[in-house]
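Chain residues, written in single-letter form:
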Amino acid sequence: MFWRAQKAALAGFHPLHRSLVHERGFTATQPAAGWTALIDSLYRHAGLVKRRKWALPARTLDVVVPLITELCSDLGPKGTLTVTADLRGRDAPGKTGPERQLAVRPPVKSASEAWVVDPWLRLRGELRDGSILEILVVDRERKRRITKRNPRGKTKWKRKSKLVQTIKVRRRLPAGLPSRVPATPPPPWIGVFVREGERRSVLAGAKLTRMPRNGQEQVDRILTVATEPFRWTFGGGNA
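Calculation notes
For every chain, the first residue of its written sequence is number 1, and the numbers climb from 1 along that sequence. It should be noted that, the model being predicted, local features are given only for residues of pLDDT at least 70 and side-chain atom pairs only at 80 or more, the latter also being counted only at that level, while totals for whole chains, interfaces and linings use all residues. Each side-chain value is derived from all of the structure's non-hydrogen atoms; neither hydrogens nor water enter the calculation. Helix numbering and strand numbering both begin at the N terminus, where a helix is a DSSP run of H or I of at least 4 residues and a strand a DSSP run of E of at least 2. Note on method: radius of gyration uses C-alpha positions; expected globular size equals 2.2 Å times residues raised to 0.38. Here, two residues are considered to be in contact whenever any of their heavy atoms come within 4.5 Å of each other. Surface accessibility in these figures is a Shrake-Rupley result with a 1.4 Å probe; residues are shielded only by whichever protein chains are displayed. Only four residue types enter the charge count, namely Lys and Arg as positive and Asp and Glu as negative; His and the chain termini do not. Charged groups are reduced to one reference atom each: NZ for lysine, CZ for arginine, CG for aspartic acid, CD for glutamic acid. Axis lines are fitted to C-alpha atoms, over the contacting stretch for helices. Their N-to-C directions set the angle, which ranges from 0 to 180 degrees. Throughout this description, any angle smaller than 35 degrees is read as roughly parallel, any larger than 145 degrees as roughly antiparallel, any in the 65 to 115 degree range as roughly perpendicular, and the remainder as oblique. Handedness of each helix crossing follows the sense of rotation of the near helix against the far helix: counterclockwise by less than a right angle gives left-handed, clockwise gives right-handed. The residue classification treats Ala, Val, Leu, Ile, Met, Phe, Trp, Tyr, Cys and Pro as nonpolar and Asp, Glu, Lys and Arg as charged. All others, Gly included, are polar.

Draft legend 1. Up close: the overall build of the protein. In terms of helices and strands, the protein carries six helices and eight strands. Traced from its N-terminal end to its C-terminal end, the protein shows the element sequence α-α-β-α-α-α-β-β-β-β-β-β-β-α. For 239 residues, the compact-globule estimate of 2.2 N^0.38 gives 18 Å, and the C-alpha radius of gyration of the protein, at 22 Å, exceeds that figure by more than 25%. For the protein, long-range pairs separated by at least 24 residues make up 64% of all intrachain contacts whose partners lie at least 6 apart in sequence. When the accessible surface of the protein is summed, it comes to about 13600 Å², and 54% of that surface belongs to carbon and sulfur atoms. The protein carries 47 positive and 20 negative side-chain charges, and their two centres are separated by 11 Å.

This is the structure:
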């Protein structure tokens, strides 16, 4: 049968690898060794599977894998990393909200707006310093459909869209670890908030109005936001 060798290769891949191929995503909690096994499996994909239907989703090798590798390097001996990756894309069912009508003035006859919300990546790691790091990456697209009538009575339609990305990071500090204000402020595109309580949390967030141009830029943006909460405790460190 056609594709027999490639089907056999798929069957031998890590279960989460197969989930990425067939379902375009997964959710799992594993120690670092478990994620290393998945990454090894993913790097074997290109050499064994050529059929486009079974290709890995975009953002797998250039974004998700480097982030998993980075966080696994900072896990404690018994720490685990939870990853939820939804790489189906913004057009997947359930990601587009209800359409609403907008107020208009002539020559615009009607205008409608809908939001697409795509929370495509979540990570939660139990770090060796006792803190818990959580990362959420969400793409939001605003879609508008506008109907106009020109002076000659001809009706025209126009579609407009605007895409932004939000990156949110929370670092829950170990019990009793105080926070501090660093000597230099965060970059202007990152906001930071310290939530007091028995176990303090440092929250960092960013809204990107220009989407990253490639996987490396995407990883750099996420890690820059993820590193910021570590500057707000004594000893600093990296994510």
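Draft legend 2. Summary view of the packing of helix α5 (residues 60-72) against helix α6 (residues 215-227). With their axes 8 Å apart at the nearest point, α5 and α6 run at an angle of 40 degrees to one another. Between α5 and α6, the angle is such that the two are oblique. Crossing of α5 over α6 shows right-handed handedness. Note on element contacts: α6 touches α5 through Gly-215, Gln-218, Val-219, Ile-222 and Leu-223, opposite Asp-62, Val-63, Pro-66, Leu-67 and Glu-70. Here the contact of α5 with α6 is built from residues that sort into six nonpolar, two polar and two charged.

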